[in-house]
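# Results of the structural survey
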Amino acid sequence: MMKIRPPIVFLDSSRNPSSQHAATRAPRNIGELFWVFNHLTLLGVGGVLPFAQRILVEDKRWLRTDEFVEMLSLGQVLPGPNLINLALMVGQHFFGWRGAVVALSGMLAAPLVLIFIVALAYSGFAHTPLVAHGLQGMSAVVAGLVIAMAVKLFPAIQARRSNWLWAALAFGGVGVLRLNLLWVLLVLGPLAVGLAWWQLRRS
Amino acid sequence: MRWFDDALPFFAHFLLWSLLSVGGAIGLLPDMHRYLVAEHHWINDAQFTSALALGQASPGPNMILFAALLGWQIFGLPGALLAVVGLILPSSLITMAYFRYSRIHRERLWVRAMHDGMAPVTVGLLLSSGWLLARHEAADWQHIGLIAATVTMSLRTRVNPLWLLLAGALFGALGLI
C-alpha cells in the first residue's frame, strides 16, 4: 500500500489552487527511491528532465507539478547541475540526507558505468551513417519532449498574471535573443523575486 | 599523473566549476575548454567535442558524464572520479543546506518570494531549451514534423516517451527524415 502524504510544507498550496490535482504519495522505502531514479536516468538519452517529470509527477505521483517546478527553480538558482540538485532535493524531502545520497547514487551509478562502454563502442561505430542518422532522429524527438514538458509545467505558474511576463522574458532572452543564461538569471531573478516579495507583503 | 602538479589543480578546478555552475553546468563549457584544452593541452579539440557528444548520446545527466569522460581521457579512472566528485560535491552541499533551511524557515517572506518569483523564470527557461534544441534540429520539414508530432503525442496521449525516442531513431536510421 502506498502512503498518502501531505504536500511539501514550504509550499503554500492554497495560493496556487490550479496545481492541486490528485493527492501525492511517498516512496515505499529508500530502496524504491534508488530504483526509481535509476530507472528515470537510464531512460534519459539526450535529456533526463522529461522523464523525471513524467515519472516523478505523472506516474509515481511523488510530487505535484508546482512542487516539481519549485525544486527545478531552486536547482536552477543554486550552483550545480539542475538534475543533480533535483535528485538531492527529492531524496532529502522524503528521507533526509540519506535520501539525498541514495537518489543521487541511483541517478549516477548506472550511467557512469554505461558511459565507458558507450565510449569504447562509439570509437568503432561513430561514422556509420546508420548510427549517425538514428541519433539525429532521436535528437529531434528530444527537442519535442522538452517543449512538451515545459508546456505541461505552465499550470504551476498560472496563479499570478505577472508570472506570464517573467516566463515570456526568460524565453525571449535565452530562447530568442540567445543571451547568456547567467546574465538573464542575474537580471530577471532579482526582479521576479522582488515583485513576488512586494506582492506577498501587500497581501 | 603527478598528484601535486597535475591532479590537485585539476580537482581544484572542478570544485571551483561546481560553485560557478549557477543556472546549469552547460555554461561552464567555455572555461573548461580554456583550462583543459587551450592552457594545459591535456586533450585536444576533437576529444573535447566527442566527449560532449557522447555525454549527450548516453543516458544520464549529460554534464556529469561529460566530466567523467574528460577525467578519464586525462588521468584514467582516478581522473574520472576526481572530475565527477569535484563537479558535484560543493554544489550538492550548498543545495542540501539551502533546502533544509528553506523548509525550516518556510514562512519567511523572502523564502516564499524566492520560490514564487523563480518558478515562472524557470518555466520560461525550459521552454527556451526546448526551442533552441528544436531550432537546431529543424533542418527540413520532415524534422519539423517529427518534433511537432512528439509535442502533440506527449501532450495529448500517455504514450511512454521511450517509444517516441525509438520511433525517432528508427525514422532516422531508415532515412525517412
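Scroll up to find the structure.
Here's a quick rundown of the structure. Keep in mind that what you see is a predicted model, and the values were worked out from it rather than measured.

Below, the discussion takes up the overall build of chain A. Within chain A, the secondary structure is distributed over seven helices and zero strands. Listing the helices and strands of chain A from first to last along the sequence gives α-α-α-α-α-α-α. Taking all 203 residues of chain A together, 55% fall into the buried category. Summed over all atoms, the accessible surface of chain A reaches about 8,800 Å², with 68% contributed by carbon and sulfur.

Core analysis: the largest hydrophobic core is formed by 74 residues, its most contacted members being Phe37(A), Leu40(A), Leu56(A), Phe68(A), Leu86(A), Val90(A) and Val121(B). Top element by residues in this core is helix H5 (residues 129-153) of chain A. It accounts for 12 residues. Those residues in contact with Phe37(A) that lie beyond four places of it in its chain are Leu56(A), Ala87(A), Val90(A), Ala103(A), Gly106(A) and Met107(A). If you look at the next biggest cluster of nonpolar residues, it comprises 42 residues, including Leu88(A), Ala100(A), Trp42(B) and Leu82(B).

So, on to the pattern of salt bridges. Close approach of charged atoms allows side chains of opposite charge to pair. One pass over the structure, following the stated rule, counts 12 salt bridges over all chains. Across the salt bridge formed by Glu32(A) and Lys60(A), the nearest N and O atoms sit 3.1 Å from each other. Linking Glu32(A) in helix H1 (residues 30-43) with Lys60(A) in the loop between helix H2 (49-59) and helix H3 (65-77), this pair joins segments that are 28 residues apart in sequence. Accessibility expressed as a relative area gives 24% for Lys60(A), which makes it partly exposed. Measuring nitrogen to oxygen at the nearest pair gives 2.6 Å for the salt bridge that ties Glu39(B) to Arg34(B).

With 83 residues of chain B at the interface, the matching set in chain A holds 94 residues. For the pair chain B and chain A, the summed buried area comes to about 8,200 Å², and 76% of that belongs to carbon and sulfur atoms. Taken together, the links from chain B to chain A amount to three salt bridges. Here Glu58(A) makes a salt bridge to Arg158(B), at a shortest N to O gap of 2.8 Å.

Given 3.6 residues per helical turn, the α-helix brings residues three or four places apart onto the same face. Counting buried residues along H2(A), nine of its 11 residues qualify, which places the element largely inside the surrounding structure. Count one or two residues on from H2(A) and you reach Arg61(A), which has phi positive near 55 degrees.

Our focus in this paragraph is helix H6 (residues 162-176) of chain A. Given a rise of 1.5 Å per residue, 15 residues ought to cover 21 Å, and the 20 Å separating the end C-alpha atoms of H6(A) matches this to within 8%. All of the buried residues in H6(A) are Ser162(A), Asn163(A), Trp166(A), Ala167(A), Ala170(A), Gly172(A), Gly173(A), Val174(A) and Gly175(A). Lining the buried residues of H6(A) we find helix H7 (181-202) of chain A together with helix H5 (109-137) of chain B. Directly after H6(A), the chain includes Arg178(A), whose backbone phi takes a positive value near 60 degrees.

Residue and element names in this part refer to chain A. Even without being glycine, Arg61 reaches a positive phi, approximately 55 degrees. The backbone phi angle of Arg178 is positive, close to 60 degrees, even though this residue is not glycine. Tracing the chain through its elements places Arg178 in the loop between H6 and H7. Among the residues examined, Arg178 registers a relative accessible area of 52% and is labelled exposed.

What counts and what doesn't
Residues numbered from 1 in each chain as written. Chains lettered and ligands numbered in written order. Predicted model: local features only at pLDDT ≥ 70, side-chain atom pairs only at ≥ 80, totals over all residues. Heavy atoms only, no water. Helix = DSSP H or I, 4+ residues; strand = E, 2+ residues; numbered from the N terminus. Buried < 20%, exposed > 50% of the residue type's maximum accessible area, 1.4 Å probe, protein only. Areas by Shrake-Rupley, 256 points an atom, 1.4 Å probe, with all protein chains shown as cover. Core = buried A, V, L, I, M, F, W, Y, C linked by side-chain atoms within 4.5 Å. Contact = heavy atoms within 4.5 Å. Salt bridge = Lys/Arg side-chain N within 4 Å of Asp/Glu carboxyl O. Buried area = accessible area lost by both parts, 1.4 Å probe. Expected span 1.5 Å × (residues − 1).

These results come straight from atomic positions and should not be treated as a statement about function.
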